[in-house]
Amino acid sequence: MELNLQELNQTEFPVPAELENNIAITSLSQLYNWGRRNSMWPMLFGLACCAIEMIATAASRFDFSRFGFEVMRATPRQADLMIVSGTVTKKMVVPIVRLYNQMPEPKYVLAMGACASGGGPFKEGYNVVSGMDKYLPVDVYVPGCPPTPQALLYGMIALQRKIDGQSIANGDDVPWYGVGTAEPTPVPVLGADIIDPRQMDMIRRQAEAAANNAPAIGARELPAITQVAVTRTAVESAAVAEAAPVSSDALTFELPTGGVPWTEAEDIREKRRLRALARKALRATRRAAEEE
Ligand code: SF4
């Protein structure tokens with residue numbers, strides 16, 4: 001939102017002619033947003049390769065100071081904007097959420113690049129968070145791997161437009177304009193894996209259900225086509241078991257060639273197939289025995 005001073009001088013409210021050039025009339029929200037959108041201070045930190053592009057955006061060629069992102073602050077106390085620039089690992093998401101909680105409100109989050117937006121090339125990696133929005137409310141996503149400085153600038157300008165649309169009269173639109181204090185975002189716990197405290201209740205209920213052999217709560221159901229395949233495999237295995245019941249001894253056998261298993265490279269594929277068949281048949285035999 002650019003303030004048009006001409007418009008502010010020509011309002012529906014009567015202003016004496018001699019004061020027209022000295023009086024501007026606007027809403028408090030507009031004035032407030034105008035001040036905030038042009039003085040967004042990003043927090044000074046970077047996570048991975050995207051941070052290099054962010055640094056380039058701040059440097060003299062692109063110079064995001066021109067848009068009011070004047071100084072990057074090395075403390076959350078003085079920052080309005082968190083640019084998550086890079087891969088978010090499970091180890092780093094803990095201090096990131098803690099830093100976000102330490103930022104004063106109003107505060108904003110910009111996810112820069114494919115990694116911060118959804119995990120990027122490392123999505124589903126054992127140590128990578130699949131998107132910052134799993135833990136923090138992200139206001140703007142900037143796609144790319146990495147995004148160019150121009151793309152980041154565009155994202156920052158998009159954030160300014162978002163701020164323009166906010167109103168201090170609407171507490172639902174922007175929680176921190178409402179009454180009362182905002183709750184801090186729960187800081188994830190890093191153990192053997194990352195745990196979101198907001199999911200503790202569900203995790204506890206799943207653990208209890210597993211202990212009681214009850215169906216898992218909230219478990220993802222298999223697609224219908226997968227269920228059909230699973231059922232068919234079970235039927236085929238049962239047929240194999242019925243035709244030729246096997247015992248666990250069947251898993252230890254010599255290759256048809258008489259060679260020692262796993263030592264002859266040309267037999268590896270065949271051996272794997274036979275072992276898989278034997279295991280399948282053994283499982284089916286056990287299942288049949290349990291049902292009897
Ligand atoms: S999005 Fe690409 S450039 Fe950015 S941190 Fe991930 S891998 Fe690096």
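What you see is a predicted model; the values in this text were computed from it and never measured. (Residues numbered from 1 in each chain as written. Predicted model: local features only at pLDDT ≥ 70, side-chain atom pairs only at ≥ 80, totals over all residues.)

**Q** Outline the site of the ligand, supporting the account with residue identities and numerical values.
**A** By nearness alone, every residue bordering the ligand is listed as Ala48, Cys49, Cys50, Gly86, Thr87, Gly113, Ala114, Cys115, Gly120, Pro121, Cys145 and Pro146. When residues of the shell around the ligand are traced back to their parent elements, those giving at least two are helix H3 (49–58) and helix H5 (113–118). Residue composition of the shell around the ligand, by class: eight nonpolar, four polar and no charged. (Near = placed C-beta within 6 Å. Helix = DSSP H or I, 4+ residues; strand = E, 2+ residues; numbered from the N terminus. Nonpolar A, V, L, I, M, F, W, Y, C, P; charged D, E, K, R; others polar.)

**Q** Mind laying out the pairing of strand E2 (residues 108–112), listing which residues take part and the relevant values?
**A** Within E2, five of the five residues are buried, which leaves the element mostly enclosed by the surrounding structure. Every second residue of E2 is oriented toward a common face, with Tyr108, Leu110 and Met112 on one face and Val109 and Ala111 on the other, all of them buried. Between the parallel elements strand E1 (residues 81–85) and E2, the chain passes through helix H4 (residues 90–102) in a crossover that is right-handed. Here E2 runs beside strand E3 (residues 140–142); their pairing, made up of three bridges, is parallel. Opposite Leu110, over in E3, you have Val140 as the bridge partner. Running through H5, the crossover from E2 to the neighbouring parallel element E3 is right-handed. (Buried ≥ 20, exposed ≤ 12 C-beta atoms within 10 Å, placed from the backbone. Right-handed = clockwise from strand over helix to strand, strands pointing away. Pairing = 2+ DSSP bridges.)

**Q** Describe in detail H4, supporting the description with residues and values.
**A** A turn of α-helix holds 3.6 residues, and therefore any two residues three or four places apart point the same way. End to end, H4 covers 19 Å across 13 residues, agreeing with the expected 18 Å (1.5 Å per residue, within 8%). Every buried residue belonging to H4 is among Val93, Ile96 and Tyr100, and all of these are buried. Viewed along the axis of H4, the buried residues span an arc of 65°, placing them on a single side of the element. Of the exposed residues in H4, those oriented more than 90 degrees away from the buried face are Lys91 and Pro95. Close packing links the buried residues of H4 with E1 and strand E5 (194–195). (Expected span 1.5 Å × (residues − 1). Arc of directions from axis to C-beta. Contact = placed C-beta atoms within 7 Å.)

**Q** How would you summarise the pairing of E1 if you had to cite specific residues and measurements?
**A** For E1, the tally of buried residues reaches five of five residues, placing the bulk of the element in the interior. The side-chain alternation of E1 yields two buried faces, one formed by Leu81, Ile83 and Ser85 and the other by Met82 and Val84. Note that E1 and E2 share five bridges and pair parallel. Its bridge partner being in E2, Met82 is matched across the sheet by Val109.

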